[in-house]
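Chain and residue survey
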Amino acid sequence: MLRPCSLLLWQVAVSLSSHVVTASRCGGGSDIFTALRENSPMGQFISELGMTAEAGANKAERATSLRLCVSGDDAAWFYLEGRTLRLNASDPRVLDREAHGPMLIAELTCYQDNVIQTKFRILVEILNENDNRPKFVKETIHRFTVSELTAVNSVLFTVKAMDADGDMISYIIDPSSRDPQFFRIDLPNSGKIVLNKPLDYETRTQLQVLIWAQEVNTEEKFNISAVLTVNIEDGDDQYPHFLPCTPISPGDPVCVSPNYSTNISQKQQDLVLKFSPGPIRAEDGDRGLNTSLIYSILSGGDQSQFRINNRTGEIQLTRAVPLRHQEKTFTLTVMVCQEDDRLKYSVVSVLIRVLNENTFPPVFNRTTFKGFIVENLSPASIVTTYGNQVLQIKASDRDFSDGLNPNIHYSILPPSGLYQVTDGGVLIARTDRLHAFDRHKVRTGWNLRAGLYPGR
């Protein structure tokens, strides 16, 4: 029976001649000092009561009663079984040092004939067992943000785990996690995570690392892990660059500046120029900051003949090129810099070609060209003309003093599977698809590959 107070009725009648002897059981006891492991089971032995009988004669034969009672704040953890004190634990109530504390304190009172005879202290130390795993302090394992400008060997953050059993904790970086090479722990018991190599926002914007917290001084070596996410914050460590960006090598954020070029005529003015391979535009190398940029022409503007929009990078031709102008090209040096730091800048060359006015269309120097092909085993042959001379189709352009326009491109219309013409006007035939005495008429045409009207 589980009761903090047990009633023991011992009636002893011993007949010695004509006398009755009664026994008193409250004498001979003592305070109880012992230890008990946490998580001990129901009925675990605590102590044997040390009370002994004392003989005394009683002229009036009668019975003597004895009552033992356990009281105090922790009395509910004990019960008496005869002379034995046992642990009163039952599921889900478990003796837990971390929840209850290190000691159980109660008092054992002995009553004889309902009169208190003696009191004894019960002091039971609860011995610790390794029954708890470490737990990370939530506030130390949240998502972190770190600047890419953080110096190597700096402490980025500190993780902390608690063990309810008071065991010593050591911290380990899991080498199989995603980005362990960026971090290290110099003092395993400190939990301080140190930056091991430089950060670069342009290469990686987020890192992940797996941290273990493990017991050091226990046989079980209980542990727990946490995946930490580290966001990389962009720092102002990159210069602006012109677009399109051609990396100097794969994976390298450093760009080779493009070569901007365009064509103008002598009569054009008040015109926003269109460039190849695209508009003059730059961006901040620190994509996360995207700092405002300022454009300017450093040289080659020819007394403000060209003006640049300092916000957009557009270049405008403000007045026509004089007919007497001898230069066929302008080379501008354009600079872009950060508005908040003029020392972070890039420069690029811009080529502007001045073309003569395109007044006259090219014309062929004859209307019919005759050519011959010598039968042979070669898959392709150059078409020749009289005297075994290479047949060359030529067109002249009166816009040029010598009649030679270097931008004329020749083609066959409609395209032929048997013939093709080079940029120099040389006709090539597919010999392996021709037969002796075949005759073909081929129509050729021209267009300007570059000039005032690209693509015509």
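So, here's what we can say about the structure. (Residues numbered from 1 in each chain as written. Predicted model: local features only at pLDDT ≥ 70, side-chain atom pairs only at ≥ 80, totals over all residues. Heavy atoms only, no water.)

**Some details on the environment of A161**
Under the convention used in this document: Secondary structure elements follow DSSP: runs of H or I of four or more residues count as helices, runs of E of two or more count as strands, with numbering from the N terminus. The contact criterion used is simple: two residues touch if any of their non-hydrogen atoms lie within 4.5 Å.
Mapped onto the secondary structure, A161 falls in strand β15 (residues 161-162). Separated by 24 residues in sequence, A161 and V137 have C-alpha atoms that sit 5.4 Å apart. With residues up to four places along the chain from it excluded, the contact list for A161 reads P134, K135, F136, V137, I169, Y171 and A213.

**Things to note about the packing of aromatic side chains**
What counts here: Stacked, tilted and edge-to-face are the three classes assigned to paired rings of Phe, Tyr and Trp, where Trp is represented by its six-membered ring and a pair needs centres within 6.5 Å; plane angles under 30 degrees give stacked, over 60 edge-to-face, the rest tilted. Throughout, exposure labels follow a simple rule: accessible area from a 1.4 Å probe, protein chains only, divided by the maximum for the residue type, with under 20% read as buried, over 50% as exposed, and the rest as partly exposed. Any Lys NZ or Arg CZ found within 6 Å of a ring centre and within 35 degrees of that ring's normal is scored as a charge over the ring.
Enumeration over the complete set of coordinates arrives at six aromatic pairs. Centre to centre, the rings of F144 and F157 are 3.9 Å apart; their planes meet at 10 degrees, and the pair counts as stacked. Pair noted here: F144 is in strand β13 (residues 144-147) and F157 is in strand β14 (residues 155-158), with a separation of 13 residues, a long-range link. Assessed through its relative accessible area of 10%, F144 is described here as buried. Taking the centre distance of 6.4 Å and the plane angle of 75 degrees together, the rings of F364 and F369 count as edge-to-face. Residue F364 is classed as partly exposed on the basis of its relative accessible area, which comes to 24%. Three or more aromatic residues link up through ring pairs in this structure, and these residues are F364, F369 and Y410. Over the face of the ring belonging to W77 we find R93, whose NZ or CZ atom lies 4.1 Å from the ring centre.

**Brief notes about the pattern of salt bridges**
A side chain of one charge can pair with a side chain of the opposite charge when the charged atoms of the two come close. The condition is simple: One speaks of a salt bridge when a side-chain nitrogen belonging to Lys or Arg is within 4 Å of a carboxyl oxygen belonging to Asp or Glu.
Overall, the coordinates contain seven salt bridges when judged by the stated rule. Put simply, D31 and R121 hold a salt bridge, and the shortest N to O gap is 3.3 Å. In this pair, D31 is assigned in the loop between β3 (19-24) and β4 (32-37) and R121 in strand β11 (residues 115-127), connecting sequence segments 90 residues apart. On the basis of relative accessible area, D31 is assigned to the partly exposed category, the value being 29%. Look at R121 and you get partly exposed, because its relative accessible area is 45%. One connected set of salt bridges, linked through shared partners, spans R178, D179 and R204.

**Focus: a nonpolar patch on the surface**
Our working rule: Within the patch definition used here, like charges are joined within 9 Å and nonpolar side chains (Val, Leu, Ile, Met, Phe, Trp, Tyr) within 5 Å, considering only residues with over 30% relative accessible area and no salt bridge. Exposure was quantified through the Shrake-Rupley algorithm and a 1.4 Å probe, taking into account, for residues, occlusion by the shown protein chains and nothing else.
A contiguous nonpolar patch, built from I248, V254 and V256 and spanning about 240 Å² of accessible area, is present on the exposed surface. In this structure V254 comes out as partly exposed when scored by relative accessible area, which is 42%.

**Some points on the nonpolar core**
Put simply, the rule is: Remark: nonpolar core denotes a set of buried residues (Ala, Val, Leu, Ile, Met, Phe, Trp, Tyr, Cys) joined through side-chain atoms within 4.5 Å.
Residues F136, F157, V159, Y171, F183 and I211 are the most contacted members of the largest nonpolar core, which totals 25 residues. Of all the secondary-structure elements, those providing two or more residues to this core are β13, β14, β16 (169-173), β18 (192-195), β19 (206-215) and β20 (223-233). Every residue in contact with V159, bar those within four places of it in the chain, is listed here: F136, T140, I141, Y171, S190, G191, I193, I211 and L228. Membership of the second largest hydrophobic core comes to 24 residues, among which are C26, A89, A106 and F120.

**Here we look at the sheet that holds strand β8 (residues 78-81)**
Rules: Whether two strands pair comes down to DSSP finding at least two bridges between them. Note on method: axes are straight lines fitted to C-alpha atoms, helices fitted across the in-contact stretch only, with angles between N-to-C directions ranging 0 to 180 degrees.
Read across the sheet, three strands follow the order β5-β9-β8 without closing on themselves; strand pairing throughout is antiparallel. With partners counted over all chains shown, the strands left at the sheet margins are β5 (45-48) and β8, one partner each. Direction aside, neighbouring strands of the sheet carry axes that sit 25 degrees apart on average. Examined bridge by bridge, β8 and strand β9 (residues 84-87) share four bridges and lie antiparallel to one another. Bridged to F78 within β9 is L87.

**So, the side chain of T140**
Applied cut-off: Here a polar contact is taken to be a pair of N or O atoms separated by no more than 3.5 Å, where protein atoms must pair a possible hydrogen donor with a possible acceptor and residues adjacent in sequence count only if both atoms sit in side chains.
Its place among the elements puts T140 in the loop between β12 (135-136) and β13. Among the residues examined, T140 registers a relative accessible area of 14% and is labelled buried. Here the side chain of T140 touches V137 through a polar contact of 2.8 Å, landing on its backbone oxygen. Setting aside residues no more than four positions away along its own chain, T140 makes contact with T158, V159 and K160.

**As for the sheet that holds β19**
Read across the open sheet, the four strands follow the order β13-β20-β19-β16; overall the sheet is mixed. Bordering the open sheet on either side are β13 and β16, each of which pairs with just one other strand. The average undirected angle you get between the axes of adjacent strands in this sheet is 35 degrees. Here β13 runs beside β20; their pairing, made up of four bridges, is parallel. Paired with S147 across the strands is E233, a residue of β20.

**Some words on unusual backbone geometry**
The step from L243 to P244 runs through a cis peptide bond, and the omega angle for that step is 0 degrees. Of note, the bond from S276 into P277 is cis; its omega dihedral lies within 30 degrees of zero at 10 degrees. When you line up the elements, P277 lands in the loop between β25 (271-272) and β26 (282-283). Residues other than glycine seldom take positive phi values, yet N39 does so here, at roughly 70 degrees. Counting through the fold element by element, N39 comes out in the loop between β4 and β5.

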